[in-house]
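As a plain string of letters, each chain reads:
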Amino acid sequence: MTERGGTSTSGTDAGGEPVRRIRRNAEQAAVFGRAANRGAGRLPVRSAVRGARIAALPVAYAGRQAAGLGRKAIGRPADEVDRDIRLRTAQHIFEVLGELKGCAAKLGQLLAIYELALPPEIAEPYRIALSRLQDSGPVMLPTVVRAAMAESLGPEWRSHFLEFDDRRACAASIGQVHRGVWQDGTPVAVKLMYPGGRAAVAADLKQVRRLSTVAKVFLPSADVLGVTEAICDCVERELDFAAEAESQRTFAAAYADDPDFHVPRVIAQRGDVLVTEWLEGTPVPAIVERGSREQRDRVGMLLVRFMASTWLRSGLLYTDPHPGNFRLLPDGRLGVLDFGACLPWPPEGFDALAEDYTRALFRGGPDELGSTARRHGFAEPDRPIDDGALYKVVSPCMEPLRYDTYRLSNPWLRKHVLRVTNPRLSNIMRQLTMPVSMTPFARAVLTAVGALCQLEAETSYRDEIARWFPHLDAIAYGTAEPGEPSGLLGPVDLALVRERRRRGRQPRSSVERTG
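## A look at the overall build of the protein
Here's step 1: When helices and strands are counted, the protein shows 19 helices and 14 strands.
Here's step 2: Every one of the 515 residues in the protein was classed for burial, and the buried ones make up 51%.
Here's step 3: Looking at the protein alone, contacts between residues at least 24 apart form 71% of all its contacts between residues at least 6 apart.
Here's step 4: By element, 56% of the accessible surface of the protein is carried by carbon and sulfur atoms, the whole surface being about 23100 Å².

Next up, the structure:
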């Protein structure tokens, strides 16, 4: 790999010098990012400044590629030059996103999951750099913290607390969290928005809207502008702490005394401060890194159960199932945090959409899948598409629901993401679009699948879905009774579901797959 001064060092093993250099440079980038923001503890909010930093990423990448061609021309090994380009690009992404935070941190979270779809030798620099993103943002100095607390809670804000630690306990995408003890003795988490956070996010969204038209090159049939607006609306929801508090209260009531889940109680909310019960437990990212097989499987099972049950129990869709938003509690329950991106669900027509796609993918075939895609707005009604090619791409994604148990994995995700995102003009996915109303659901599902693959969780995904959507299970396995009412109903006794499966289509044997 090429150092800054041009010296070449050989070796590519996992414990060799290239990886050590990647880690060293990523750590230096973290120090740089923190130091750049430590002076004021504030986000860079000027639109021109933020826009220039974000826009510089692809420009700098193109420059590195051009310079790389020159190094290859004079005899440098191509793989060595390419690794150096990836390393420098990872550092640049890390520095910019770590400094800007806001929407940029959300992008970093998504990249940190979906870099799993890249071949390991390519993904390593990005994994190391992006894994440090969450802790590398601007740290508010105690004076800034106290001023921000006073602005939302008033000059006597300390009277609400028996204790308050003005050093952050952890970072959030648009703020940071502090530990404290409320006036009644309750240990609490105090979520505080970065000063200037709204302006920073507004600047990011402006850039997102400007750059969204570029996506037309890759998805020429998609309503890119409509989907972009839906994404922006979802991000803007996360700036409303009052709405977040109301959503968290709704979830806390829906899952009160639940044997599987715990949602912290909202203690107080005012302005840009949200106070909730402190949640002790093991962060799921730590389980991803070093958890036991039992822990991984349990968290995976609970994550699926939570996501499948949310709108049936609360009337709201939880759209941000990022691993950092969950804790495995000492009693085995899954603690859930961050309710800023929730919204009422389902929209009109969602039940019919789910039933039709289930029927097409499990009991139908290419023709039925193609007609379902056109009927529900995923393809233009009058535009001919290759139904066989569509079925070939989409049907394998249902694999985890065809077995009694299944282990999701990074290779599984990599295989399907590369198939769907193939840039060739012949890729059928380029001919599809997505109804704007489905954007939050797509975000929730894709993020959850990424988390499950990180965990490499093995569970009965089929049973967890059937627990809450028995009618879909009956459609998938041909056990729907004549005249049975449709609709997404739940939960049900799984023993009854399994018996109905046996009377219908014999389930396939349990297997463990990773490819």
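From this point on, the discussion continues.
## Points about the pattern of salt bridges
Side chains bearing opposite charge may pair, as long as their charged atoms lie close to each other.
Here's step 1: Evaluation of the coordinates by the stated rule reveals 22 salt bridges.
Here's step 2: Taking the shortest distance from any N to any O, the salt bridge between Arg443 and Glu238 comes out at 3.3 Å. Highlighted residues: Arg443 in helix α16 (residues 439–455) and Glu238 in the loop between α8 (224–237) and α9 (241–254), separated in sequence by 205 residues.
Here's step 3: Assessed through its relative accessible area of 22%, Arg443 is described here as partly exposed.
Here's step 4: A salt bridge links Glu277 to Arg265; the shortest N-O distance between them is 3.6 Å. Placement of Glu277 in strand β7 (residues 273–277) and of Arg265 in the loop between β5 (261–262) and β6 (266–270) is noted, with a sequence separation of 12 residues between them.
Here's step 5: Several salt bridges share partner residues, and in doing so they unite Asp260, Arg298, Arg305, Glu464 and Arg467 into one network.

## Thoughts on the nonpolar core
For soluble globular proteins, the rule of thumb is that nonpolar side chains tend to be buried together.
Here's step 1: Membership of the largest hydrophobic core comes to 37 residues, with the highest contact counts inside it found for Phe251, Phe306, Tyr318 and Phe326.
Here's step 2: Of all the secondary-structure elements, those providing two or more residues to this core are α9, α10 (284–290), α11 (293–314), β9 (316–318), β10 (326–328), β11 (334–336), α15 (410–420) and α16.
Here's step 3: For this core, the element with the highest residue contribution is α11, accounting for 7 residues.
Here's step 4: With sequence-adjacent residues up to four places away left out, Phe251 is seen in contact with Val263, Phe306, Thr310, Ser314, Leu316, Tyr318, Phe339 and Cys342.

## Notes on the pairing of β7
Here's step 1: Burial analysis of β7 places 4 of its 5 residues in the buried class, which makes it a mostly covered element.
Here's step 2: Relative to β7, strand β4 (residues 187–193) runs antiparallel, the two being bridged by 5 bridges. When the sheet's bridge partners are listed, Lys191 is paired in β7 with Leu274.
Here's step 3: Here β6 runs beside β7; their pairing, made up of 4 bridges, is antiparallel. Its bridge partner lying in β7, Val266 is registered against Thr276.
Here's step 4: What sits between the antiparallel neighbours β6 and β7 is a turn of 2 residues, in which Gly271 has the positive phi angle 60°.

## Section: the confidence of the model for the protein
Here's step 1: Chain-level statistics for the protein give a pLDDT mean of 77 and a share of 66% at 70 or above.
Here's step 2: Note on residues 1–40: pLDDT is under 50 here. Beyond four places in sequence and across chains, it has 58 contacts.
Here's step 3: Counting interchain partners and residues more than four positions distant, the pLDDT-below-50 stretch residues 505–515 has 29 contacts.

The rules we used
- Starting afresh in each chain, residues are numbered from 1 along the sequence in its written order.
- Confidence filtering applies because this is a predicted model: local features only for residues at pLDDT of at least 70, side-chain atom pairs given and counted only at 80 or more, and all residues used for totals across whole chains, interfaces and linings.
- With hydrogens and water excluded, all non-hydrogen atoms of the structure serve as input to the side-chain values.
- Counting from the N terminus, the helices are the DSSP runs of H or I reaching at least four residues and the strands are the DSSP runs of E reaching at least two.
- The buried label applies to any residue whose accessible area, calculated with a 1.4 Å probe on protein chains only, is under 20% of its type's maximum; exposed applies above 50%, and partly exposed to all values in between.
- Note on contacts: a residue pair is in contact if any heavy atoms of the two residues lie within 4.5 Å.
- Areas reported as accessible are Shrake-Rupley estimates using a 1.4 Å probe. Residue values count occlusion only from the protein chains shown.
- Salt bridge, as applied in this entry: a Lys or Arg side-chain nitrogen positioned within 4 Å of an Asp or Glu carboxyl oxygen.
- The definition of a nonpolar core used throughout is a set of buried Ala, Val, Leu, Ile, Met, Phe, Trp, Tyr and Cys residues joined through side-chain atoms within 4.5 Å.
- Any two strands are treated as partners once DSSP identifies two or more bridges connecting them.
- You can read pLDDT as the predictor saying how much it trusts each residue, on a scale of 0 to 100.

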